Amino acid sequence: MDDAARDPLTHVATAGEYVALLRDVRRRSGLTYREITRQASAAGHWLPPSTLATMLGRTTLPRERTVVALLVACGTTPADVRRWVETRRNIEAQLGERDRWENQAAPTTSSPPAAPQQAANGAPAVDGPPAANGAPAANGAPAANSAPAANGAPAGTVVGPVRPAQPRVTAPWPTRRWLRLALLAVLGVLTVGASGVLLPGAAATVDSSPSDGCPLILRQGMYGPCVLDLQERLVAGGLEVPVDGWFGPDTTSRLIVFQAFGGLPVSGTADGRVLDELSGAVKVPPTWTEDRIGKEVRRVFPEDPGGAVQLARCLSGLDPYRVEIAGDGSRRWGLFQFSDMELSRLGVDRRTALDPGWSIGAARHVWSRTGDFGHWHCTASR
């Protein structure tokens with residue numbers, strides 16, 4: 001296999017494909033947005049996290065200097081950077097050529113000339129035009145050698161002035177096209193904003209994000225590159241979540257955990273502030289492994305170690321950062337899924353509830369009062 005076949009850059013033909021490859025470069029580098037910003041700054045480039053996130057979340061052609069900053073920060077060789085820049089310029093030239101073609105003046109459509117008007121008394125109108133091949137005399141009488149009029153009137157008949165037809169004013173085709181696209185974009189944003197989800201018939205794919213940017217608020221039920229970017233930021237922030245572009249319960253749970261640790265409003269939705277915080281240097285602390293959790297649960301519950309582990313697995317999948325949202329909007333936190341009301345009664349905050357050590361100790365305290373696990377109800381294992 002030759003180099004051209006192995007190199008996907010040689011097959012890029014659109015701005016969307018170009019940005020998709022840039023996302024791959026960022027992903028393979030293993031760097032967070034904040035780390036890329038620092039690397040770019042050290043190399044003399046300016047690339048804030050918000051600019052980087054916007055560039056990678058769209059399918060429009062990014063600026064050349066932004067592309068160079070990202071590639072340099074990710075360790076791309078100078079030779080490869082030049083190839084990326086050349087490919088970008090080629091795509092830009094193709095887009096420019098297409099725009100010039102679309103903006104060519106469309107042929108104007110005019111109505112046929114109006115039939116000449118004859119004066120009521122047969123006399124020429126004031127300042128009337130000449131007949132077909134003769135000019136009117138000074139007194140307004142027709143010239144002696146006048147030929148038949150153009151409309152078939154007998155010679156000598158003087159016709160009135162012909163008013164040129166006014167062409168219908170219409171917007172050029174490219175303008176009408178972009179107006180329609182803008183209207184569709186506004187309707188799409190209103191649909192997402194009102195319902196919180198993309199309509200099934202218009203669900204975006206990973207490679208077809210709207211060119212005008214992401215929704216102001218990302219919430220459960222959405223799908224697309226904007227959600228993919230959110231999931232990548234959560235992973236970079238220390239939270240494991242499937243990076244599949246689908247804003248499902250797992251993404252909501254992890255987002256709530258990040259908001260709890262970051263001191264943000266625990267909404268389970270992502271706005272600009274949340275995205276900025278996710279691009280920051282603060283990460284969620286690593287939690288316990290399943291093996292460590294199992295050992296600690298067995299130690300704390302010597303009377304029924306197997307039952308205690310089974311209950312924790314059923315409630316949370318042995319995931320200390322598990323957050324479940326009930327139908328009424330209330331939440332349950334951590335290994336043993338303590339509710340918002342229980343946390344309030346115990347006087348602890350949400351960060352404490354996500355601590356596996358605290359959750360196991362609190363479960364032991366409940367068990368010591370009843371002597372069994374009747375406080376919890378879990379019928380399906382995770």
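Before any of the text, the structure's been laid out above.
Residues numbered from 1 in each chain as written. Predicted model: local features only at pLDDT ≥ 70, side-chain atom pairs only at ≥ 80, totals over all residues. Heavy atoms only, no water.

**Section: the overall build of the protein**
And then number 1: On a plain count of helices and strands, the protein comes out with 15 helices and 3 strands.
And then number 2: The buried share among the 382 residues of the protein stands at 38%.
And then number 3: Excluding contacts between residues fewer than 6 apart, the proportion of contacts in the protein whose partners are at least 24 apart in sequence is 55%.
And then number 4: Put simply, the protein shows about 21,800 Å² of open surface, and 56% of that area lies on carbon and sulfur atoms. (Helix = DSSP H or I, 4+ residues; strand = E, 2+ residues; numbered from the N terminus. Buried < 20%, exposed > 50% of the residue type's maximum accessible area, 1.4 Å probe, protein only. Contact = heavy atoms within 4.5 Å. Areas by Shrake-Rupley, 256 points an atom, 1.4 Å probe, with all protein chains shown as cover.)

**A short note on the environment of Arg 313**
And then number 1: Mapped onto the secondary structure, Arg 313 falls in helix α12 (residues 305-316).
And then number 2: Along the primary structure Arg 313 and Leu 335 are separated by 22 residues, whereas in three dimensions their C-alpha atoms are 8.0 Å apart.

**Digging into the side chain of Glu 232**
And then number 1: Summarising the element assignment, Glu 232 is placed in helix α8 (residues 225-236).
And then number 2: Look at Glu 232 and you get buried, because its relative accessible area is 10%.
And then number 3: A polar contact is formed between the side chain of Glu 232 and the side chain of Arg 26, at a distance of 2.8 Å.
And then number 4: Beyond its immediate chain neighbours, meaning those up to four positions away, Glu 232 contacts Arg 26, Arg 27, Tyr 33 and Val 243. (Polar contact = N/O pair within 3.5 Å; in protein donor to acceptor, adjacent residues only side chain to side chain.)

Remember that the coordinates give geometry; whether it matters functionally is a separate question.
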